[in-house]
Each structure stands twice: as C-alpha cells, then as structure tokens.
Amino acid sequence: MVSLLHAYPGSPYVFGLVGDDHDLDFPDPMPVVGISRSAKGYCMVSVLETMKTYSAVDGLTEEALVTKLRTCRCHHLFLHTSLRHNSSGTCRWGEFGEGGLLWGECSARQFDWFEGNTLNELLFKVKELYGLEDDITFRNVTVASDNRPCPLQLGTATQIGALPTEGIPCLLKVLLPSNCTGLPAMYIRDLLLNPPAYDIASTIQEACKLMSNITCSIPEFTCIPSAKLVKLLELRETNHIEFCKIKSVLDDILLLYTNSELREILKLLMDPAWVATGLKIELETLVNECKSISCRIGEVIFLDGEHDQKMSSYTTVPNEFFEDMELSWKGRVKRIHLEEEYAEVDEAAKALSVTIEEDFVPIISRIRATTAPLGGPKGEILYSREHEAVWFKGKRFVPSVWAGTPGEEQIKQLRPALDSKGKRVGEEWFTSKKVEDALARYHEAGNKAKAKVLELLRGLSAELQIKTNILVFASMLLVIGKALFSHVSEGRRRKWIFPTLTQCHRPKDAEILHGADGMKITGLWPYWFDAAQGGAVRNTVNMRSLFLLTGPNGGGKSSLLRSICAAALLGICGFMVPAESAIIPHFDSIMLHMKSYDSPADGKSSFQIEMSEIRSIIAGATSNSLVLIDEICRGTETAKGSCIAGSVIETLDAIGCLGIVSTHLHGIFDLPLRMKNAVFKAMGTECIDNQTMPTWRLIDGICKESLAFETAQREGVPEALIQRAEELYLSVYSKDTTKIQSKLKQYALPDIHEFNGVADRPSRLKKELSPVNQSLKSLDILCKEVENAVVGICGKSVNDVNVKKDISEPRAMRCVLIGAREQPPPSTIGASSVYIMLRPDRKIYVGETDDLEGRVRAHRLKEGMQNASFLYFLVPGKSMACQLETLLINQLSAQGFHLTNMADGKHRNFGTSELLEKEMMTR
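Since this is a predicted model, take the numbers as computed values, not measurements.

Our next topic: the overall build of the protein. Looking only at helices and strands, one finds 27 helices and 28 strands in the protein. Burial status across the protein gives 52% buried among its 923 residues. Long-range contacts, defined here as pairs at least 24 residues apart, represent 74% of the contacts in the protein between residues at least 6 apart. As presented, the protein carries roughly 42,200 Å² of accessible surface, and 52% of it is formed by carbon and sulfur atoms.

As structure tokens, then:
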C-alpha cells in the first residue's frame, strides 16, 4: 500500500501510512491565529486543529506580538474589529495606525476580520474552516502565570540572535551542539522568546545542575512531534515503526525513573512539561501509564531482536519474490496473533514451490541437457516484480520434433503469461494453469495475513487513542530532557557556569539598593566567543542601578550590551551563562535597543523607528526590568538629541530599573539631569606608541574620546581627508580641551578587570539514531565478565595513583555501562577516560579518550556497530589513561578475551608509570 499525504494547510492527513514500512516526515502543524485588543494590550489566540488545543496570551505589546507572529507559520490569520479603534485617531487599525509594526506584519499576510467574543468566534471559525462537528471540543493549554516575564520584543530577539538575523551572532547556535536540531532546538528558542516564571526557571536550572554531575549513562531521548503522534492515532494510521518509536519514548521515561540518579531529574522535568503541554500529570500516574502502554505495545508489535518471522525460502522460487510479497506484513506484529495466517501462507508457499518444480524445472533440465551451439534454446525461472509473479522465461525451447523426451509434456502445458488486464507480457514469458492457481492461492493467503496485520495495527491505534494525553506529555518531557542535556553538554564544553538566580522584589521608589536586588556578573565574555581559544577580554559588571556608558568607536559598548542581555536572558530561563560567576535577578522583562534603520515602505526615518522602540521600552519598563539602549538618539541633531536622551535617562532612573544607556552625545553631561542612582561607566582606552587604543574593559568614569579619526584611518579613509578633519576639529573644539580634561580627571576612577580566555570550539558530531535492540543474555554475561576483569586489572593501580596524588577520599574504581540506546553523561566532557567497546559479535575494543561522547558516536557509525555497548571509567589525566589502555589490552587478551586492537598493546611510546610497570611485572 502506498502512503499519501493529504493536508489542509497546517493540518496534515496521512492515509496509508499504517501499511508502510518506513517513517514519514510530518509537516509542522500551523495554527489558526486570532488577534484582538483589550485594556491590557494585545491578545493573541492560537488554535491547533491537529491537537484540538488552544492557547491565549494577553497583555502583549505591539513588538512582542510581532515577534510571536514572525516565529509562527499560521494557517489563517483573523483580526478582531477592536484593532480598528486605535490611539492614533485614524480609521486605520493597529496601535499607531497605518505604518506601525503590526500593520506592516499583517499587511504582508492574508487575513479576515471578525467580531464578537474573541475565543468563541475564533473556535467557531476553526470548526467551519476544517469542517468539524459542533460538538468537537478544544482543550485550553494556556498555563497562567502572573509572574512570568514579558515575551521578548522583536528588536531584542533579533539583536542577540534568538531569532537568527544576518550579521548578528546567533545565540541559539552556541546553546546547543551542532547535532542537536529539530524539536529540542525549537523548545530552547521558544523558551528564550517566552522566558518562564521564576519557579520554572529555578526548576530548569536545578535539573541542568543535576545533569551536569551525573555519572551514569543517559537515554537517547526519543523525540516525536506531538501533532504527528495525535493525528496518526486519531486516524488509526500508526504503523509498526511509529509504535516502536512510541515504545521507545515510554521506555526512556521508565529508564529515567528506574535509575536513582536520573529519577530526580525526571521529577524536576514534570513542571516544565506541564507548562509546555498544559497537562498536569502526577509522576506515579505517568510511570504507571508508561509501563502499561509499553507493555501493551510489546504484546502486539514485533520488536527489534525477535527472530521468529523469517521470509519463506525455497530453492525453486527466487528469494526476491518471497521477500517482496511478505515484507509488506511480516515483522510488524507478533506471530502469536497470526498463527493461522502464517500456516496458510507457509502451505501456499510450499505448494507454489512444488508446482514450479513440477511444471518448470523439467523444462530447465531438458534445455541444459540439450547440446546446442550459441543461439540454442534458453530458459530460466524468474520473478517479475512488476506483475508480482514467478514465470518461466525462455526462447527456442520448443522442439522442432517431439520425441517424447522428459520435459516435453511440461512444455505442452505452458501458456503465455498475461498481465492483470489480460494482455500478453512479451513473447518470452510463459506460465501454466497449475502455477497460476498456486500463485493466486499464495497471494490470497498473503493478502489475508496483511489485512489481519493492518486490523491489529489500527486496533492498537484505537486502543491507545484514550492515552493521547499521557503520550503527548511523555513525548514533550523527553524533548525538554534532550534539549537541557544537550545545553549542559555544550555549556560544559564552552566552560560556562550556572548563575545564582534571585527573585526581584525591588520597591519602585527605593533610594537604597541592596546587593540582592542588583546583578553582578564576574568574568563575563561575549557569548559568541569560545573560552579556550584566547583573545576575549572578560569584564565584571556589578550593576545596582542604571549605567550611563560612554566609550570610543570600536571600544566594545555594543558587544558589552549584547553580552549582558544574553547572559541575563539565559539566566532567567535557567540556562548556563558565559562567565566565571553571576548573580542574576529574575527580571520581569529584558529589553535591548540597538541601532535603528529607516523603513522606506512605512515612510519612517531611522529616528522615527528609534523613537517608536524607545516609547515601547519606557511603557514596558518597571523597577524589575533590565533596559539596554545602545547609542541613544544617534539619528538626529546633537543638541535636541542630547536633551531627549537626557530625559529618557531621567525617566529610567526614576523607574528604578537596572540597565545601560550608551551614548556618544557628550552634551548630556552638561545638562542639569535629575538622577538619583544612575552612575557613569566607560569603555577604557590606553596609549600605546603614542596611539590611543581601546582596551574593551568596563571602568568607572566618563570617556569622551571617540577614536573617530583612528577608526576612519583603519577603514582605509584617505590620509589627506583625515588630516583635514583633524584641522577642522581643532579649529572649533580646541577651546574645550581644558574643560574636557578636567571632566575626565573627575570621573576617571579605573576599575579594570582584565582576563584572557575564549571558549572551546563546539564539536561537530554526526547525527545518529541507534535502533532499539534488546540486549542478548550472552552479551550481558560478557559485560559482567569484562567489568570484573577490568576492575581486577586496574582497580589497585587507579587507587594507588589517587593516594599518591593526595586525592581526598579516593573512591573505589567504578565502571559505568553505556547500553545500546544510551549515551555518556555530560560529566565525561573534557575528562580522561578508558573505555571498552562490547561489539555485537562478542569481540571487544579497548581505547582511551578525552571526548567519550564523540568516540562512542564514531564507533557506532561503523557498519554493524550501531548497537554496541560500552564500559568506561574516569582517570586523572590523559597519560594515566594511555597507560591503563596498554595494560588492559595486554591483560584482557591474556585472560582469554577476544580483542580487535591487540596491536595497540605493543605501543610503549606513551611511557608507563612506576606503579603500572610494577603491576605489569607482577602479572
């Protein structure tokens, strides 16, 4: 049966997948979106027909709403008539009429107007759009949270690469390994765009900390799109491959629960999964249901590792025929459910073989016995895949004189082979009535078996349909688990740390700021740098009020603002940050404004765009917000721009938010600003060979050095032009030199924190999905034998080295097993280890590495090694690992184990310690 993909836009329908023997890419579901306005702001309602769910978010700003629309491919967009009544006083819709962000975003899409109750009317239109019955219900998956931070605004999301933007370092790319894509990456992106409440962020961070320190192997975290799972079960089109994947999801949950180290992580993932799905499920209920459903699938579905469903095989019939005919139903459900059908197929296959032997084989024997020159009679028994038949193919095999020799009777019984329409198939294809009858009997038995298989699969889909909520929750939990484990692995590679996350409770008019209310990040470096490569200057940011930041061109102001914004956002999401230590408040909003560009389509200059964004920032900022504005008012003339900038600074200072306003408008310092808490900060410079150079370090004070001439010179501006510019500058501004130097002395209080360092380059690991495979008992025995031997050989040596190195409380040596569908924990990253690969053929391979995860993946990419298991133990240093590798190769071989890399045991170029030398001598 051929699978077809039928779909409304955004609502895929798959027919025939239940009979397929392969997976099918499933398009992401597209919601129907409705937008309205209320007293709180904008409201966005998303309805997913596939999932029969809806969510509603109210109180959105125009920018936040546009951000959501840009990350959402909607099937249909509906705009409520409340948008037509706006504060601009025009008849155009949108907060500020025609030309606003929302106007531009929606004008580029097709949309319809609607009125009445937003939710009820939108659900009615969805049912009308998809042809659903009126009694179909939709589940509300909105998780209300009063203390959840505001969604990221569009400018903030693009300027730190939470939404990939050309020319901006992409934050998403450094949070996860390059091989982690799809659903986990989407979860991380959505969490950045919609930061969680404090309780959820704290839970995520706690889970990540546990993930960072576990020593046991972890599951591969099977990820299935919830929409695909729901739709296939609803339509009863789930095939055996999808059932195996569902069982893998359930088994991964059970593995997390049964392991004492992983169980605590599972408990912590329950609440983030609740927020992501809108489903509140207790842990015990989840575990019991996973056991029950996994067991039920195992009772029906044929699983990898079972060997009781071999294809029929007879010497007289081409093997390809039986493989093609029986592959469409064998290996899908357990044989116990098909014993009668199996018996009929086996009997029909045997009868077909006997008939072919009686009707075709004598002819072949006669042709072979006939001595003839080239061009003589030819004949063979062949499988015609197009016609699903086994026929005789030959030419010149009919004798010119019938002599009554063996085979002639069979030749007389042959007749031309016909296709399904009764037309002859070529001039050389022949069959017999008995063969055709036997073929028909075999096909009939096969079709009956296939029909029974499809019936069982569809029945199982119907049976599990009432368990949809459990399956959706379990699937989402694994997506979150994989996303967080991947983030922790990448964070450890990049030498990031977990910040201390504090709750914001700052009074609006507070004059005295307490340390717990501020943000302190020590050793912060830009998120797009790697900590181990060197070259990145680290800064310490101790922020307890608003900073007014000055500095030269190329001095690092923009990079500092991006770095602080990214670190704060990562912190309030529960993630690791690129710093040495950090205390980050759980801000109610994080807003970053960088350089603005004009919008000719909307008829707006860059300054107009900037003022629109500043308005949104001022309107949304509270005493618990983080506000970062880069080069404020750069798009207008200096005098009035300085005054607007000064007024903005006063307003933000009065609000009491944390943040930075950077500027080149030095006239601000001559204004009579009313500021309670704002402080002056600068990006430092130093004089090298009579040239002023930026240090990229944050210091106290004011910097009025722009380095504009030096920057122009570095970019290739002609020397004559720069010299003339210097003459013009001195002719006008030289009288202010004394005043400028006086100001600089007043504020120049250096507080320099210089660090060097860059982060590890992320490993480019190939993506691999190992199939589910049951562990054979013999391999379990081999694993135990190898583990005992390894501990016996290396245990004393490892302990002696630990004692010699004065390691406090040395632990007994422990081997960790990595099963066929498991991977090493993040704690192995950067640590030296010795590992033993247990191959499916019972041979073993001994190796050492500082990148166990990468080595395991590399081994499993080799043919036949997808299901290999591993034992490993950590050792203090690569030299020790090399020595133990050599020792194990020699000693395991001497104990009778079959090694594939015996030659490596002769390599003594690593050297051996005194302890190991004695160990080898005594053995």
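It is worth spelling out the pairing of strand β10 (residues 378-384) at this point. Relative to strand β11 (residues 389-395), β10 is paired through seven bridges, and the arrangement is antiparallel. Bridge pairing in β11 links serine 384 to alanine 389. A loop of four residues connects β10 with β11, the two strands running antiparallel in sequence, and glutamate 388 in this loop sits at a positive phi of about 50 degrees.

A few words on the packing of aromatic side chains. Overall, the coordinates contain 18 aromatic pairs when judged by the stated rule. A centroid spacing of 5.8 Å and a plane angle of 85 degrees characterise the contact between phenylalanine 111 and tryptophan 113, whose relative ring orientation is edge-to-face. Here phenylalanine 111 falls in the partly exposed class, since its relative accessible area comes to 25%. Taking the relative accessible area as the measure of exposure, tryptophan 113 reaches 26% and is therefore partly exposed. Ring centres of tryptophan 391 and tryptophan 429 lie 5.8 Å apart, and the angle between their planes is 70 degrees; on these two criteria the pair is classed as edge-to-face. Of the two residues, tryptophan 391 is situated in strand β11 and tryptophan 429 in strand β13 (residues 429-431); the sequence distance between them amounts to 38 residues.

This part covers the environment of isoleucine 480. Positionally, isoleucine 480 belongs in helix α17 (residues 468-493). Take isoleucine 480: its relative accessible area is 0%, and that puts it in the buried class. When the C-alpha atoms of isoleucine 480 and proline 272 are compared, they prove to be 7.7 Å apart, with 208 residues separating the residues in sequence. Ignoring anything within four residues of it in the chain, the contact list for isoleucine 480 reads Tyr187, Leu269, Pro272, Ala273 and Ala276.

Once that is clear, we can look at the confidence of the model for the protein. Summary statistics for the protein give a mean pLDDT of 82 and a share of 83% for residues scoring 70 or more. When mean pLDDT is compared element by element in the protein, helix α11 (residues 283-300) scores highest at 96, while strand β1 (residues 4-8) scores lowest at 43. Here residues 737-776 scores under 50 on pLDDT; set against residues more than four positions off or in separate chains, the count is 105 contacts. Segment residues 908-923: pLDDT under 50, and 25 contacts once partners within four positions in sequence are set aside and those in other chains are kept.

The next thing to look at is unusual backbone geometry. Located in the positive-phi region is lysine 52, a residue other than glycine, with phi close to 55 degrees. For lysine 52, the position within the fold is in the loop between β4 (41-48) and β5 (53-60). The backbone of arginine 236 sits at a positive phi, close to 55 degrees, despite the residue not being glycine. Of note, arginine 236 is situated in the loop between α8 (226-234) and α9 (240-258).

Quick notes on the rules
- Residues numbered from 1 in each chain as written.
- Predicted model: local features only at pLDDT ≥ 70, side-chain atom pairs only at ≥ 80, totals over all residues.
- Heavy atoms only, no water.
- Helix = DSSP H or I, 4+ residues; strand = E, 2+ residues; numbered from the N terminus.
- Buried < 20%, exposed > 50% of the residue type's maximum accessible area, 1.4 Å probe, protein only.
- Contact = heavy atoms within 4.5 Å.
- Areas by Shrake-Rupley, 256 points an atom, 1.4 Å probe, with all protein chains shown as cover.
- Pairing = 2+ DSSP bridges.
- Phe/Tyr/Trp six-rings, centres within 6.5 Å; stacked < 30°, edge-to-face > 60°.
- pLDDT = per-residue confidence, 0-100.

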